[in-house]
Amino acid sequence: MPRTAMVRGALGAGPLLGAGIALGQPGAGVLAALGAMLAGVNDRPGTRRKGLVHIGLPAAAGSLGLLVGALVADATGRWAAVPVLFMVGWVSGALSARGAVWSAAALQMLVATTIGMGMPLAGPAWLKALCFLAGAGWLVLLRLLLRAPRSPGATRWSGEREAVAAVFDALADALGALGGPGAAPARRTLVAAQQQADEALRLMRLLPWPRRSGRTEHALVERYGSGVALCEASIALLWEGRPVPETVAEGPRRLAAAVRSGGPAGTLPGPPPDTVERLAFDRAVLEAAVVFDRTTAGAHAPQDPGHARAVGPRPGLRPGLFTSAGREYGLRVALCVSVTAAVALLLHENHWYWLPATAAFLVKPDMGPLFSRVVNRFAGTVAGVLSFVALMAALGGLGAPVVVAAVVVAGALVPLSTRHFAFQTAVITVLVLSFVHTAGDTEAAASRLLETFLACVIVLLVGHLPLVADPRVRVGHRFAVTLRCTERYLRHVLGTPHPAEDGLPGGAGGGRQPRGAGDGRPRADAGDRQRDDAQGLALRGAAYRALAEARAAAETVAAELPGPFGGRRHDWSAVTVAAELVVDAATACALRVENGVPRPSSGEAERVTTALSVLADALEDGHRTARPAPGPGPRDCRSLRDVMTQLHGIHRLTTAGSAEPSAARSVTRP
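Residues numbered from 1 in each chain as written. Predicted model: local features only at pLDDT ≥ 70, side-chain atom pairs only at ≥ 80, totals over all residues. Heavy atoms only, no water.

1. Section: the overall build of the protein chain
Keep this limit in mind: Numbering goes from the N terminus for both helices and strands, where a helix is a DSSP run of H or I of at least four residues and a strand is a run of E of at least two. When a residue's accessible area, from a 1.4 Å probe over protein chains only, is under 20% of the maximum for its type it is buried; when over 50% it is exposed; and in between it is partly exposed. Any two residues having at least one pair of non-hydrogen atoms within 4.5 Å are treated as being in contact.
Looking only at helices and strands, one finds 23 helices and zero strands in the protein chain. Looking at the 670 residues of the protein chain, the share that counts as buried comes to 56%. A fraction of 79% describes how many contacts in the protein chain between residues 6 or more apart in sequence connect residues 24 or more apart.

2. Thoughts on the packing of aromatic side chains
Worth spelling out the cut-off: For this analysis, a ring pair means two rings from Phe, Tyr or Trp (six-membered ring only for Trp) whose centres lie within 6.5 Å, classed as stacked if their planes differ by under 30 degrees, edge-to-face if by over 60, and tilted for the remaining angles.
Scanning all chains against the criterion turns up two aromatic pairs. Note on Phe-168 and Phe-292: the rings are 5.7 Å apart at their centroids and 85 degrees apart in plane angle, and the pair reads as edge-to-face. With Phe-168 in helix H8 (residues 158–176) and Phe-292 in helix H12 (residues 276–294), the pair connects residues that are 124 residues apart, well separated along the chain. Residue Phe-168 is classed as buried on the basis of its relative accessible area, which comes to 1%. Seen from their ring centres, Phe-378 and Phe-453 are 6.2 Å apart, and the 65 degrees between their planes marks the pair as edge-to-face. With Phe-378 in helix H15 (residues 370–395) and Phe-453 in helix H18 (residues 444–463), the pair connects residues that are 75 residues apart, well separated along the chain. Classification of Phe-453 as partly exposed rests on a relative accessible area of 45%.

3. A word on the nonpolar core
The test is simple: Side-chain atoms within 4.5 Å are what join buried Ala, Val, Leu, Ile, Met, Phe, Trp, Tyr and Cys residues into a set we call a nonpolar core.
Within the largest apolar cluster, 96 residues are counted, with the highest numbers of intra-cluster contacts made by Leu-175, Leu-230, Phe-479 and Leu-647. The biggest single contributor to this core is helix H21 (residues 572–594), with 14 residues. If you look at the next biggest cluster of nonpolar residues, it comprises 72 residues, including Leu-66, Val-72, Cys-131 and Leu-355.

4. Remarks on the pattern of salt bridges
The criterion, for reference: We define a salt bridge as a contact between a side-chain nitrogen of Lys or Arg and a carboxyl oxygen of Asp or Glu at a distance within 4 Å.
Applying the stated criterion across every chain yields a total of 24 salt bridges. Arg-49 is paired through a salt bridge with Glu-160; the nearest N and O atoms lie 3.2 Å apart. Residue Arg-49 is found in helix H4 (residues 48–75), and its partner Glu-160 is found in helix H8; the two are separated by 111 residues along the sequence. Between Glu-549 and Arg-478 there is a salt bridge, with the nearest N and O atoms lying 3.1 Å from each other. Of this pair, Glu-549 sits in helix H20 (residues 526–559) while Arg-478 sits in helix H19 (residues 471–494), and the two are 71 residues apart along the sequence. Both residues of the pair, Glu-549 and Arg-478, count as buried.

5. So, helix H7 (residues 125–145)
Inclusion rule: A helix is expected to span 1.5 Å multiplied by its residue count minus one.
Relative to the 30 Å expected for 21 residues at 1.5 Å per residue, H7 spans 30 Å between its end C-alpha atoms, a close match to the ideal helical length. Every buried residue of H7 is accounted for by Ala-125, Lys-128, Ala-129, Cys-131, Phe-132, Gly-135, Ala-136, Leu-139, Val-140, Leu-142, Arg-143 and Leu-144. Here the buried face of H7 lies against helix H1 (3–10), helix H2 (13–22), helix H3 (26–41), H4 and helix H6 (100–118).

6. Comments concerning the environment of Leu-494
Note that Leu-494 resides in helix H19. For Leu-494, a relative accessible area of 7% corresponds to the buried category. On a C-alpha basis, the gap between Leu-494 and Cys-589 in space is 9.0 Å, while along the polypeptide they are 95 residues apart. If sequence neighbours within four positions are ignored, Leu-494 has contacts with Cys-589, Val-593, Arg-599, Pro-600, Ala-605 and Leu-640.

7. Side note on a nonpolar patch on the surface
Quick note on the threshold: Patch definition: residues above 30% relative accessible area lacking any salt bridge, with like charges linked at up to 9 Å and the nonpolar side chains Val, Leu, Ile, Met, Phe, Trp and Tyr linked at up to 5 Å. Values of accessible area rely on a 1.4 Å probe in the Shrake-Rupley scheme; residue burial ignores everything except the protein chains shown.
On the surface, a nonpolar cluster with roughly 460 Å² of combined accessible area is contributed by Phe-378, Leu-450, Phe-453, Val-457 and Leu-461. Within the secondary structure, Leu-450 is located in helix H18. Owing to a relative accessible area of 51%, Leu-450 belongs among the exposed residues under this scheme.

8. A closer look at the side chain of Arg-143
In plain terms, the rule: We call two N or O atoms a polar contact when they sit within 3.5 Å, provided that within protein one can donate a hydrogen and the other can accept it, with sequence-adjacent residues counted only if both atoms are side-chain atoms.
Inspection of the secondary structure assignment puts Arg-143 in helix H7. Here the side chain of Arg-143 touches Asp-43 through a polar contact of 2.6 Å, side chain to side chain. At 3.0 Å, the side chain of Arg-143 forms a polar contact with the backbone oxygen of Arg-44. Once residues lying within four places of it in the same chain are set aside, the contact partners of Arg-143 are Arg-8, Asp-43, Arg-44, Pro-45, Gly-46, Thr-47, Gly-51 and Ile-55.

9. Section: the confidence of the model for the protein chain
Detailed reading of the predicted coordinates is not advisable wherever pLDDT falls low. The criterion, for reference: pLDDT is a per-residue confidence score from the predictor, ranging from 0 to 100.
Overall, the prediction assigns the protein chain a mean pLDDT of 80, with 80% of residues at 70 or greater. Predicted confidence is poor over residues 564–568, with pLDDT under 50, and the contacts of this stretch with residues over four places away or in other chains come to eleven contacts.

10. Re the packing of H4 against helix H9 (residues 183–206)
If you want to describe how two helices pack, look at the angle between their axes and the distance between the axes. Applicable threshold: Helix axes use the C-alpha atoms of the stretch in contact, all axes being lines fitted to C-alpha atoms, and the angles between their N-to-C directions lie in the range 0 to 180 degrees. Roughly parallel here means an angle under 35 degrees, roughly antiparallel means over 145, roughly perpendicular means 65 to 115, and every remaining angle is called oblique. For this classification, Asp, Glu, Lys and Arg are treated as charged, while Ala, Val, Leu, Ile, Met, Phe, Trp, Tyr, Cys and Pro are nonpolar and the rest, including Gly, are polar.
Direction vectors running N to C along H4 and H9 enclose 90 degrees, while the axes themselves pass 9 Å from each other. One finds that H4 runs roughly perpendicular with respect to H9. When H4 is examined against H9, the residues Arg-49, Lys-50, Val-53 and His-54 are found in contact with a partner set consisting of Gln-196, Glu-199, Leu-203 and Met-204. Of the residues that constitute the contact of H4 with H9, the class distribution is three nonpolar, two polar and three charged.

Here you go:
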């Protein structure tokens, strides 16, 4: 139970609403409470810095949306809201393709724009936006001041330490699952933990407030860097497919305990180095032992941790506004909110925001299966309205003290309600009805059920239109991004220039300098090697992050209603398995080359990377343009041959009709 978050929720919207009523400014109190409520929805577990970003960015976007909506309402007629919401909805939907934080910011911007235009409150537009931002800022302040009780010996870096320790714990679980059916799920958990730690350490560097840590920060980043190397080596072990001795998994657990305590790790067992993959892991274990010994409390100052910097995907590899998925997301959201706004304007003179705001919460394609969201949204609204009406009937009306008390109780339930969409909807409904009751709309409860029903119907209809709900666009784009990231990673590892970046110094396609001598190339100096390693880790991290997003999109589509447009024509779950094997094999190829396996010829590397690019283009446009199947894989490179085998499986799955959903079940590594 998130007790501390519930205390923050109770102290968030309720006191702000009460202060506004006490000062004779109920409108300002409503907007401040609304900002605190929406900030509370994003108040999730994590480090303080993560909370600042995950709450602050959506709050800033919501404040901007409220400013735009209020300015439009003051300067134009009522019906101008329809084209404005279409444009804002398109931007909001397109931004959702960039990731979870951007999605939350886009949603708050769209909902706040709707409220700014559809909820008549006194005051200039800038003051409304400022009140909203102040309410969100109040919750951010509570997030900084009210934290979970610290354990003995905890420091202000405990959140980051725990994130790094979780990587080593997940690594131990992944090693224990090698060779069994739980290996792939354990690998996904490991990659997710690595991404969480990466974000925590990146924010630690970007937001050093209140003061820089110096030695502690550097030691933690170095230890995480050794964990990244171990994770890379473990993925090669997963690709190899052989179990390791049980004692090997004890090493990462000792490393996790050492991260939490800041102490030494002790003896670290490794697997017998009888293959290249196991030799690479054994070397990574040795390097980790050296790093942990050097960074133990009381040892001499750690080296420059530039080589172990937390890494993440390069901005250029992230989905953008003008990709096919961004356009599809944007069009879907824009149509829903503009149509519901037009219907709402026909039904209401004022307070017409509920319909488009409900549609905004429902239609976001990245928030889960559409039908289940619609059902849970309506059920939650019914429960919230009935609770509010029952409270009014029991007390014979709602005075200001009762409204504030209801907001305090409901605000405390917001962190708990995130576990189920229907529960969250019921809690938010009670809060919003309390806000609009304070703003003067005392008859809102009854009409909200009809408006929610209309919004659900419109979203279901628009959400299944063939031009805006094609899973080949939504899911195929995600897998296309995964393959392109893998292509860039392989080009970097194998020294194959990217066609768009050939000849550009420092480009992602420029290729890495080999570590070993004897191949006729000069050995890179230490600084170049560190930058080269960081770039390679960034490209690999981008591939796995894109893969996680593709998997989530595939699972969402699998849970959608089939509809009349062939929503389940492709077996996206099998495509996910094949794509995972592609990225794993690419990682294994990089590790094998770094540990002495002969480098594939330039022709073989070019053939594989070109196949990745061609298949990515085919997935991007839904195979509307006929493209040849990938050719045969290299005969002398197992890992690249594995990449080509899985690409064949993906091509068959995404070009076959519904009669061949199981084709890739037989796709195995030779």
